[in-house]
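Per-entry structural report
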Amino acid sequence: MLIADLPYFETVPSTKLITGAAGTSVTADALALGDKTYTLAFGNTTAKPLPNSGSISIGTGIAVAIGDYTKTGVTVAGDGDIVVASTTSTPNLSSKPISIAVGVVVAIDLPG
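Described below are features of the structure shown in this document. Please read all numbers here as calculations on a predicted model, not as lab measurements.

Quick look at the overall build of the protein chain now. The helix and strand inventory of the protein chain stands at 0 helices and 6 strands. Each helix (α) and strand (β) of the protein chain, taken in turn from the N terminus, gives the series β-β-β-β-β-β. Taking all 112 residues of the protein chain together, 22% fall into the buried category. Partitioning the contacts of the protein chain with sequence separation of at least 6, the portion at a separation of at least 24 is 67%. When the accessible area of the protein chain is evaluated, it comes to approximately 7800 Å², of which 59% is carbon and sulfur surface.

Let us now look at the nonpolar core. The tendency in soluble globular proteins is for nonpolar side chains to be buried as a group. Ranked by size, the top nonpolar core spans 6 residues in total: V26, A63, V74, V76, A101 and V105. Mapped by element, the contributors of at least two residues to this core are strand 4 (69–79) and strand 6 (98–109). Residue contacts for V76: discarding those within four places in its chain leaves S25, V26, A85, S86, T87, G103, V104 and V105.

Let us look at a nonpolar patch on the surface. A cluster of nonpolar side chains, namely Y38, L40, F42, I62, I66, I98, I100, V102 and V104, defines an oily patch on the protein surface of about 680 Å² accessible area. Examining the composition of the nonpolar patch, we find that 4 residues originate from one element, strand 6, more than from any other. Along the chain, Y38 falls in strand 2 (residues 38–50).

Ordered in space as 2-3-6-5, the 4 strands form an open sheet in which the pairing is antiparallel. Looking at the sheet topology across the chains shown, the edges are occupied by strand 2 and strand 5 (82–89). Each strand axis lies, on average, 5° off the axis of its neighbour in the sheet, ignoring direction. As paired strands, strand 3 (residues 54–66) and strand 6 are joined by 12 bridges and run antiparallel to one another. Within strand 6, the position partnered with S57 by the bridge is A107.

Conventions used here
- Residues numbered from 1 in each chain as written.
- Predicted model: local features only at pLDDT ≥ 70, side-chain atom pairs only at ≥ 80, totals over all residues.
- Heavy atoms only, no water.
- Helix = DSSP H or I, 4+ residues; strand = E, 2+ residues; numbered from the N terminus.
- Buried < 20%, exposed > 50% of the residue type's maximum accessible area, 1.4 Å probe, protein only.
- Contact = heavy atoms within 4.5 Å.
- Areas by Shrake-Rupley, 256 points an atom, 1.4 Å probe, with all protein chains shown as cover.
- Core = buried A, V, L, I, M, F, W, Y, C linked by side-chain atoms within 4.5 Å.
- Patch = residues over 30% accessible without salt bridge, like charges linked within 9 Å, V, L, I, M, F, W, Y side chains within 5 Å.
- Salt bridge = Lys/Arg side-chain N within 4 Å of Asp/Glu carboxyl O.
- Pairing = 2+ DSSP bridges.
- Axes fitted to C-alpha atoms, helices over the stretch in contact; angles between N-to-C directions.

Right, dumping it as structure tokens:
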């Protein structure tokens, strides 16, 4: 089997240039223990070309856990000329049955 035969790969014509090098990565995880638990972990990234061979990539993630013991985390990373990233999470308090973590990253590869 050739890698090109896999159905989820996009065919790129040989005349189409692939430009830009901005990239982002998001990892979200959630853990909940107890009798009644709920977890949600979601991450999304997207990249778009800019004029003159530049590109921009944006990544977001959220993790939510509800239960007797909860732990969440979101890790973000970016690669480009300019990278701005932020993550935040609620502290692990034994008196609160919920934990939330959120992360955002933006990477820009400058044109030219």
